[in-house]
Structures are given as C-alpha cells and as structure tokens.
Amino acid sequence: MAVMTRERSVVDRPPPVPRKGYSKWARRAPLLPALIFLIIVTQLPFVATLVISFMKWNSLDPTNRGFAGFDNYVNVFTDPDLRSSVVNTIVLTASVVLISLVLGLGLALLLDKKFAGRGFVRTMLIAPFLVVPVAAALIWKHVLYNPEYGLFNGILNWLGFDAQPDWISNMPMSAVVLSLVWQWTPFMMLILLAGLQSKPIEPVEAATIDGASSFQIFRYLTFPHLRQYLELGGLLGSIYIVQNFDAVFTITSGGLGTANLPYMIYQTFYQAHEYGEASAAGVIVVAGSIIIATFALRTVSSLFKEEKR
C-alpha cells in the first residue's frame, strides 16, 4: 500500500517548470545564427565605414593618412558639388514620392471598382515595379528618350511635329524623375489599394443613403482612412529613392546637374579615391535612411494596432 501511494505521488507530481530566463533563451536560440549573420553582413561594414569617415585617407597619397576628426563631414556640407548633390537628393526624392503617391492614389481608386478585366489591368500596372532598376533606366534612356529613334520623338514625328528634342539634355532632372515615377507608382498603388480594400463598408453605405456625393465620400471617409497608408507609402518610397543610384548613373551619368548623394559617393570613392570623405557621405545617407525608417516603423505599428481593434 505504501509502495502504491509512493508511485501515485510520483506520477501525479507536476512536471518541473523551466526557469523564466531559460525559456526566453530557448525561444530565441534558433534566431541567433540569423542575428549573427545579419550583424556580420550589415553592422560590421557600417562600423568600418564610420571609422573610415573620421580618417584622412586618399589612396593616391598613401603617406598622408591619419585622423581627420569631423573634417570629412564638414567637407560634405561645404563642398559645392557635394552640397548640390544633397539638394538634388532632396528634390529628386520629394518629386518622385509626391507624384507617385498622387498617381498611385488615382490608380488604386480605379482598381477598387469592379470592371471586366480588372485582374489583367492590375497585373499590367504592377509590371513596371518588377523590372530591374538598371533595365528600367535603360528602357527610358534608349527606347523612349533617344533623339534619333526614341518613342517620344517618333510620336512627335507621327503627329507632324518637326521638332526632335533631346529629352535628356533639355530636361535632365525631369528625365530621371519620370523614369523613377514610372517604376514606383505601382508600389504606391499596391499600398493604397490595400488600404482601400480594408475600408469598412458600413459608413460608406450609410453616407450613400443619406445622399452624400462621391466626392464627399472620398473627402470625409476614404481620404482620412488612407492617411496612414499614404504616410507609409511616402516613408517607404523615401527610404529607397534617397539611396537611388541606378537611374542617375544610367540616364545622365550624374551630369547636367542631376548628381545625387549616392552618385557623388560613388564618384568620390572610385574616381577621386577619397575614402574618408566618401565614407562620411555614406554615413549621412544611412543616418537619413534610419530616421525615415523609424517613422515608417511607427506608421506600420499604428496600422497593426488599428487592425487589432
């Protein structure tokens, strides 16, 4: 009897509860290899870039090397070429993001309606975003902008106009902006279309019964609902376009006043061989991207909180 009681007490005893700290590490341990790989691939090169940004380092003058303090950062904002590249980066980013958002909103409103062939139209509108950036820039440079055999001048010739303008030479910054707008409008459209399809239908139906016009429904119901999606699209687009190099390098080669900060980093590093100054400019781009990404993450988290409600 005593033996049975002892066995029963052993069987009925609850399993040992793992310590709180141990359970946390048990859940996080599978992520450690990925975290270590991410640190090696991203953070160590950034730390090296940060260290080099405080050094005076020109590969053409290896004997004159040492600590430069904040001189490289001062040069980025005082050098006329680098300062103009910062301005070009701001102008390029703001123009592309704003135009893409407006066009993306119009296309999203169109695709939110039901019509024959909507799936095919949606696929065709998404296609530009799937094109490799360098290939997209080459398409615009040679297929559309070329003054001799480009599509734009071909249309002008077909319409009877004698003028055959050189689009890139006449409007270099606009040429870059148009190519990026063509590529990024589908991205904005997808984000805003997701916002439109998550909109509650009950308030719209109630407003329609009360006699509200389509513009009033958009002004007072649809647009306020899309505000955070517009912010998200603008922030994510800014993160990528701030770092754009392909379009500027391919279409204008940084000439005609279109050089942005990523192109100037390339030129400073590979042509002037000023490693310290190029690293300082790169750190500035990363810092700006981190600031924008912080706001983007806050917008995403606020969207998730609203969906949970």
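Rules of the game
- Numbers given for residues are sequential positions, taken from 1 along each chain in its written order.
- Totals for whole chains, interfaces and linings use every residue, but because this is a predicted model, local features are given only for residues with pLDDT of at least 70 and side-chain atom pairs only at 80 or more, for both listing and counting.
- Only heavy atoms go into the side-chain values, all of them from the structure, while hydrogens and water stay out.
- UniProt positions are given in the numbering used here, feature names are shortened, and annotations may be inferred rather than shown by experiment.
- Elements are defined by DSSP. Helices are runs of H or I of four residues or more, strands are runs of E of two residues or more, and each kind is numbered from the N terminus.
- Each residue is placed in one exposure class: buried if its accessible area under a 1.4 Å probe, protein chains only, is under 20% of its type's maximum, exposed if it is over 50%, and partly exposed if it falls in between.
- Residue contacts are counted whenever heavy atoms from the two residues lie within 4.5 Å of one another.
- In this description, accessible areas are obtained by the Shrake-Rupley approach with a 1.4 Å probe, and a residue is regarded as covered only by the protein chains that are shown.
- The pairing test for Phe, Tyr and Trp rings, Trp by its six-membered ring, is centres within 6.5 Å, and the orientation test on the planes gives stacked under 30 degrees, edge-to-face over 60, and tilted for anything in between.
- The rule for a charge over a ring is simple: NZ of Lys or CZ of Arg within 6 Å of the ring centre, and within 35 degrees of the ring normal.

- As annotated in an unreviewed UniProt entry, the protein chain is Carbohydrate ABC transporter membrane protein 1, CUT1 family (TC 3.A.1.1.-) from Lentzea albida.
- For the protein chain, the Subcellular location (unreviewed entry) comment in UniProt is given as "Cell membrane".
- For the record of the protein chain, the UniProt heading Sequence similarities (unreviewed entry) holds the text "Belongs to the binding-protein-dependent transport system permease family."

### Considerations on the overall build of the protein chain
(1) Moving on: The helix and strand tally for the protein chain stands at 15 helices and two strands.
(2) Moving on: Expressed as a percentage of the 309 residues in the protein chain, the buried residues total 33%.
(3) Moving on: Long-range pairs, those at least 24 residues apart, make up 69% of the contacts in the protein chain with a sequence separation of at least 6.
(4) Moving on: Put simply, the protein chain shows about 19300 Å² of open surface, and 68% of that area lies on carbon and sulfur atoms.

### Here's the deal with the packing of aromatic side chains
(1) Moving on: In the structure shown here, the tally under the stated rule is 23 aromatic pairs.
(2) Moving on: Plain terms: the ring middles of F54 and Y73 are 5.4 Å apart, the flat faces sit at 50 degrees to each other, and that makes the pair tilted. Of this pair, F54 sits in the loop between α3 (32-52) and β1 (55-56) while Y73 sits in helix α4 (residues 71-78); the two residues are 19 residues apart in sequence, bridging distant segments of the chain.
(3) Moving on: The class for F54 is partly exposed, based on a relative accessible area of 21%.
(4) Moving on: The class for Y73 is buried, based on a relative accessible area of 14%.
(5) Moving on: Centroid distance F249 to Y266: 5.6 Å. Interplanar angle 80 degrees. Geometry classified as edge-to-face. Of this pair, F249 sits in helix α13 (residues 246-252) while Y266 sits in helix α14 (residues 261-270), and the two are 17 residues apart along the sequence.
(6) Moving on: Residue class for F249 comes out partly exposed when judged on its relative accessible area of 35%.
(7) Moving on: An aromatic cluster of at least three residues, connected via ring pairs, comprises W57, F245, F249, Y263, Y266, F269, Y270 and Y275.
(8) Moving on: The residue whose ring lies beneath R219 is Y220, and the NZ or CZ to ring-centre distance is 5.1 Å.

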